[in-house]
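# Remarks on the overall topology
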Amino acid sequence: MNRPVVAFLYAHVILFVLLSSTGLGSENVTDSVKFVVISDLHLGLNETENTYKMFHYNDQILEDIIDDINFMGDVDFVIVPGDLTKDSEPYNHQRVLERLNGLIMPYYIVPGNHDVFKEGLPAENWPIEKIVEYYPMPWHEGNSWYSVDPVQGIHLVALDSSSNENHSADWGGVISQEQLDWLEQDLADNEEKTTIVVVHHALNQHEGVSDPLYYCDNAEAAKEIMKSHDAKLAISGHIHITDIAEEDGLYEVSCPATCSYPCAYTVCELSGSEFTVDVMWYDNETVRDVAKQEFIDAGKDVAQAEGEPSDRNAVLNIGSIMISPAIAEEKLVIAHRGASGYLPEHTLEAYALAYGMGADYVEPDLVLTKDGVFMCLHDIHLERTTNVEEVFPDRAREDGRWYAADFTLSEIKQLKVHERTNTDGTAVFAGRFPQNNSDFEVPTFEEMIELIQGLNKATGRNVGIYPEIKSPTWHAAEGLPMEEKLLDLLAQYGYEGPNARIYVQSFENHSLRMMRDDLGTKLPLVQLVDTGNNSDTGENYSSMVTQEGLKEIATFADGVGPYKMYIEANPELVQWAHDDGLQVHTWTMRADSLPEKYSDFTEELNQFYFVYGVDGLFTDFTDRAVAFLQLAN
């Protein structure tokens with residue numbers, strides 16, 4: 001296959017991803033949800049005089065805050081509750097879009113009073129119709145409001161309080177009756193979910209804020225609808241202060257402005273009945289000092305802007321606000337080496353196709369090159385999946401095998417990837433992609449990450465990665481230790497903390513222990529369990545899937561990945577693992593290599609997902625597992 005044909009195939013794989021991911025993908029979520037609020041940006045690029053809104057600095061502040069959010073890695077989505085621009089100037093909106101599109105997770109906006117046309121503004125400043133046209137929100141039937149489920153079980157309602165003609169000449173707000181009618185029906189249709197209502201103008205009264213223009217004129221009507229459907233959480237901006245106000249069981253978090261002192265943003269997390277609020281001040285003290293002085297010069301209340309410590313870092317028990325129980329029971333589809341049932345394993349094309357088919361996680365296996373670059377390759381050897389024998393015929397070791405660790409990145413990039421072969425050169429799976437009829441490359445791990453994160457950005461999904469470090473003991477003996485290098489690389493791409501969209505897996509528990517205990521990672525770790533003993537470490541795998549062995553795994557890992565024969569032989573091990581707080585992700589389900597006991601692939605999937613009760617499984621046929629779960633639900 002020549003390069004233009006590969007490019008054509010790859011383009012169509014990506015197109016398939018973009019067209020199908022929303023409909024096919026099952027959202028991957030855990031039992032907690034983390035989101036960030038950045039409010040009142042007031043971007044003013046061409047202003048010649050500074051004010052307390054920090055026009056000379058607020059573009060840089062926004063860029064830095066977005067970098068901070070991306071670096072966190074475990075943020076599910078971002079909320080922007082209005083006042084994106086100084087006064088709805090086209091060039092300011094364009095820069096805001098450029099900045100927000102730099103987020104690696106989905107974002108959701110509502111318009112603020114400074115984002116819509118007001119009396120006295122230049123004719124070219126954007127009206128609300130331009131906001132709907134240019135900002136990529138799931139607007140409801142072309143209107144300036146919408147709802148969306150950013151993760152399963154969470155329902156986000158975005159209201160427009162800013163564009164009503166009653167406030168065409170001031171900065172007050174009102175929610176139109178049409179919106180209120182829609183809100184009533186929308187909440188009724190989504191009562192089983194946890195609802196977050198986002199609006200620019202406040203609904204609850206906030207201490208020390210008396211001007212009615214800070215509030216929705218008809219806040220009570222909106223709150224009555226929310227209460228009638230047990231929607232208990234609202235997020236607002238506009239006031240530029242940090243404050244949490246509760247009225248009759250409805251909590252509202254008024255979020256600080258990024259543009260004015262202390263140039264802060266808000267990190268929120270829902271877990272069980274707890275709602276945690278942490279306000280993060282802009283960490284450039286020089287700029288923050290300027291912001292404070294501008295704030296003082298404008299006659300603003302510094303103490304009010306800073307908020308009480310309890311408002312900046314609060315843990316609220318909100319009762320029935322909780323993640324839907326369905327989330328904890330979510331069944332994961334893990335794309336084994338990408339969509340390897342359809343395209344050669346561990347290629348960017350296979351990863352992209354798996355993404356488009358609706359995978360929750362995509363799995364790359366990792367080995368290191370001679371010059372220390374992580375490559376996506378199942379084996380430490382090259383000859384089973386590449387044409388290394390043709391390109392470098394004299395580079396085999398004495399055992400007759402070609403090792404990735406003997407080649408540099410530039411050398412491996414000269415190779416072509418093909419379907420996995422047996423030792424005699426025949427295809428392991430004869431019915432898959434044609435043998436020796438391709439021009440696929442071995443990708444680096446960074447290329448794989450950038451592909452998945454880019455598709456997440458383009459589609460609004462949040463698909464995770466599930467890397468396995470291959471033979472870390474062997475690599476260490478070759479002078480190529482893997483663990484610290486891997487964690488450093490993952491941190492560069494924002495994968496940090498227990499809620500990151502990642503599982504790191506290994507067959508060698510000492511490697512996992514090193515990452516957890518010595519290197520201090522909080523990333524989710526999974527102990528893989530094979531048959532027999534590990535040839536590099538001598539570990540006995542069967543001892544790991546006993547009750548005692550699983551308890552030991554739970555001391556350093558978050559999950560266990562047993563070969564499926566262990567579960568078939570002893571289904572109780574799934575419950576044992578769950579009792580110890582471990583997820584169970586088994587492997588590998590192949591529609592074209594079906595055990596005789598099953599009449600078809602769906603029977604095997606049903607047996608493991610719903611009879612044995614595993615939390616997730618690895619499969620070469622992502623689309624078929626996704627379709628099965630959709631029908632099952």
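Quick summary incoming for the structure in this document. (Residues numbered from 1 in each chain as written. Predicted model: local features only at pLDDT ≥ 70, side-chain atom pairs only at ≥ 80, totals over all residues. Heavy atoms only, no water.)

Okay, the sheet that holds strand 9 (residues 250-254) next. The strand order across the open sheet built from six strands is 4-5-6-7-9-8, with neighbouring strands paired in mixed fashion. Bordering the open sheet on either side are strand 4 (146-148) and strand 8 (243-247), each of which pairs with just one other strand. Neighbour to neighbour, the strand axes of the sheet diverge by 20 degrees on average, direction disregarded. Of the strand pairs in this sheet, strand 6 (residues 194-198) and strand 7 (residues 233-236) are connected by three bridges, and their pairing is parallel. Its bridge partner lying in strand 7, Val 197 is registered against Ala 234. (Pairing = 2+ DSSP bridges. Helix = DSSP H or I, 4+ residues; strand = E, 2+ residues; numbered from the N terminus. Axes fitted to C-alpha atoms, helices over the stretch in contact; angles between N-to-C directions.)

End to end, helix 5 (residues 177-189) covers 19 Å across 13 residues, agreeing with the expected 18 Å (1.5 Å per residue, within 8%). Restricting attention to buried positions, one finds in helix 5 the residues Gln 179, Leu 180, Trp 182, Leu 183, Asp 186 and Leu 187. For helix 5, the buried positions fall inside an angular range of 160 degrees around the axis, keeping them on one side. For helix 5, the secondary structure elements touched by its buried residues are strand 4, strand 5 (154-158), strand 6 and helix 6 (219-228). (Expected span 1.5 Å × (residues − 1). Buried < 20%, exposed > 50% of the residue type's maximum accessible area, 1.4 Å probe, protein only. Arc of directions from axis to C-beta. Contact = heavy atoms within 4.5 Å.)

Let us look at the nonpolar core. With 102 residues, the main nonpolar core has Phe 445, Met 448, Ile 465, Leu 490, Tyr 495 and Tyr 609 as its most contacted residues. No other element matches the eight residues that helix 11 (residues 348-357) contributes to this core. What Met 448 contacts, discounting residues up to four positions off in sequence, is Leu 348, Tyr 351, Val 362, Pro 364, Cys 376 and Ile 465. Formed by 65 residues, the second largest nonpolar core is a distinct cluster that contains Leu 62, Val 75, Val 116 and Leu 156. (Core = buried A, V, L, I, M, F, W, Y, C linked by side-chain atoms within 4.5 Å.)

Another point: the pairing of strand 10 (residues 265-271). Burial of strand 10 is extensive: five of the seven residues sit out of reach of the surface. Two strands pair when backbone bridges link them, and strand 1 (residues 32-37) and strand 10 are joined in this way by six bridges, in the antiparallel orientation. Counterpart to Lys 34 in the pairing with strand 10 is Glu 269. In the sheet, strand 10 pairs with strand 11 (residues 274-280) via seven bridges, with the strands oriented antiparallel. Note on strand 11: the bridge partner recorded for Glu 269 is Thr 276.

Turning to the packing of helix 2 (residues 58-72) against helix 3 (residues 90-100), a few remarks are in order. The axes of two packed helices give the description: the angle between them and the distance between them. Their axes nearest at 10 Å, the elements helix 2 and helix 3 cross at an angle of 20 degrees. On the basis of the axis angle, helix 2 is roughly parallel to helix 3. Here helix 2 runs over helix 3; the crossing is right-handed. Facing helix 2, whose interface residues are Asp 59, Leu 62, Glu 63 and Ile 66, helix 3 presents Arg 95, Arg 99 and Leu 100. Residues that form the contact of helix 2 with helix 3 fall into these classes: three nonpolar, no polar and four charged. (Parallel < 35°, antiparallel > 145°, perpendicular 65-115°, else oblique. Left-handed = near helix turned anticlockwise from the far one by under 90°. Nonpolar A, V, L, I, M, F, W, Y, C, P; charged D, E, K, R; others polar.)

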